[in-house]
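Chains, contacts and geometry: an overview
This is what each chain is made of:
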Amino acid sequence: MRTDLALSRPSALLLALAMLVATRWLSWKAWGWFWSMWEPAVPLAALLLAIAVDIGLLLGAVVLTWRLANQDRGSGMAFLARAACIAACVAALSGTIDNIARNATRTAAPAPPPVTLPVDGRTAFLIGPITLRSYSALKTTLRQDNAITALHLDSEGGHIGAARGLARLVMEAGLDTHATGICASACTLVFAAGTRRSMARDARLGFHGYLLHSRILTLDPEQEEARDAAFLVSRGIDPEFAARALAVPHSEMWFPSPANLRAAHVITE
């Protein structure tokens, strides 16, 4: 019986040593995942909790391994186990210091500058897709520079909600709008918001109806189209033109001639 027990000790020690190594490997992987979940800095309570869990798991594995090593004194495996315990504690201490310093660096890092639109003199330029980021950029730009009087547009469209927000900003600031290239789909709502509206010689305005992307019916496309048709009319655009513009299938695009746009009061200059 004693022989069986004596023979089982090296195996138990080897198993405990493997558990210690596995614990540190899992800790390394877990910290990588932990940092990827937080940006820019980790709340202090969450960081302290993570450190406490890491140290608790380490101490459990170290105590078990050390006790088994004491029961097998004098063997090479016992020496290796003790060395592994010491190395694991040193690595954990170093990692804890590094994690605290890393979080402090993230906390102290300056916030990224707000997004703004390109500006030349009194003109701001909106180029590319219309997104919520575009709305935020124009809002910040107008807040920083109240001398802006015009918004130049070159966009094939984008997010209707963002376009409505942009249109409201344009009206509140009393901006003129000018199409420099293609201003299509949602971009035309922003264009229509201008106090004075004009377009470059080779620019085009494109109109079509809406597409409901979601399979869950949360909005009525017809109601949304009617809402924006009413907005176009409120900006002085001919009601028949507004109705025709939004009746175009979403898969198509209607590019009225400059003469039609001027006759319908879409462009005023």
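Description of the structure in this document.

Definitions and limits used
- Residues numbered from 1 in each chain as written.
- Predicted model: local features only at pLDDT ≥ 70, side-chain atom pairs only at ≥ 80, totals over all residues.
- Heavy atoms only, no water.
- Disulfide = S-S within 2.5 Å.
- Buried < 20%, exposed > 50% of the residue type's maximum accessible area, 1.4 Å probe, protein only.
- Helix = DSSP H or I, 4+ residues; strand = E, 2+ residues; numbered from the N terminus.
- 1 Å grid on protein atoms, 1.4 Å probe; cavity = no way out; pocket = protein on both sides within 12 Å on 5 of 7 lines; lining within 4 Å.
- Points joined across faces, edges and corners; volume = space filled by probe spheres on them.
- Nonpolar A, V, L, I, M, F, W, Y, C, P; charged D, E, K, R; others polar.

Moving on: the state of the cysteines. All chains considered together, the criterion is met by one disulfide. The side chain of Cys-183 participates in a disulfide bridge whose partner is Cys-187; the two sulfur atoms lie 2.1 Å from each other. Here Cys-183 and Cys-187 share a disulfide; its torsion about the S-S bond, -105 degrees, makes the bridge left-handed. By the burial criterion, Cys-183 is buried, and Cys-187 matches it. Between Cys-85, a cysteine without a disulfide, and Cys-89, which holds the nearest cysteine sulfur, the sulfur-to-sulfur distance is 6.7 Å. Residue classification places Cys-89 among the partly exposed residues on the basis of a relative accessible area of 32%.

This brings us to unusual backbone geometry. Positive phi is not limited to glycine here, since Ser-185 has a value of about 55 degrees. For Ser-185, the location among the structural elements is in the loop between strand 4 (176-184) and helix 6 (187-192).

Enumeration according to the criterion identifies one cavity of 30 Å³ or more in this entry. The volume enclosed by the largest cavity comes to roughly 80 Å³. Looking at the largest cavity, the residues that line it are Ile-160, Ser-185, Ala-186, Thr-188, Leu-189, Phe-207, His-208, Tyr-210, Leu-232 and Leu-246. Residue classes in the lining of the largest cavity are distributed as seven nonpolar, three polar and no charged.

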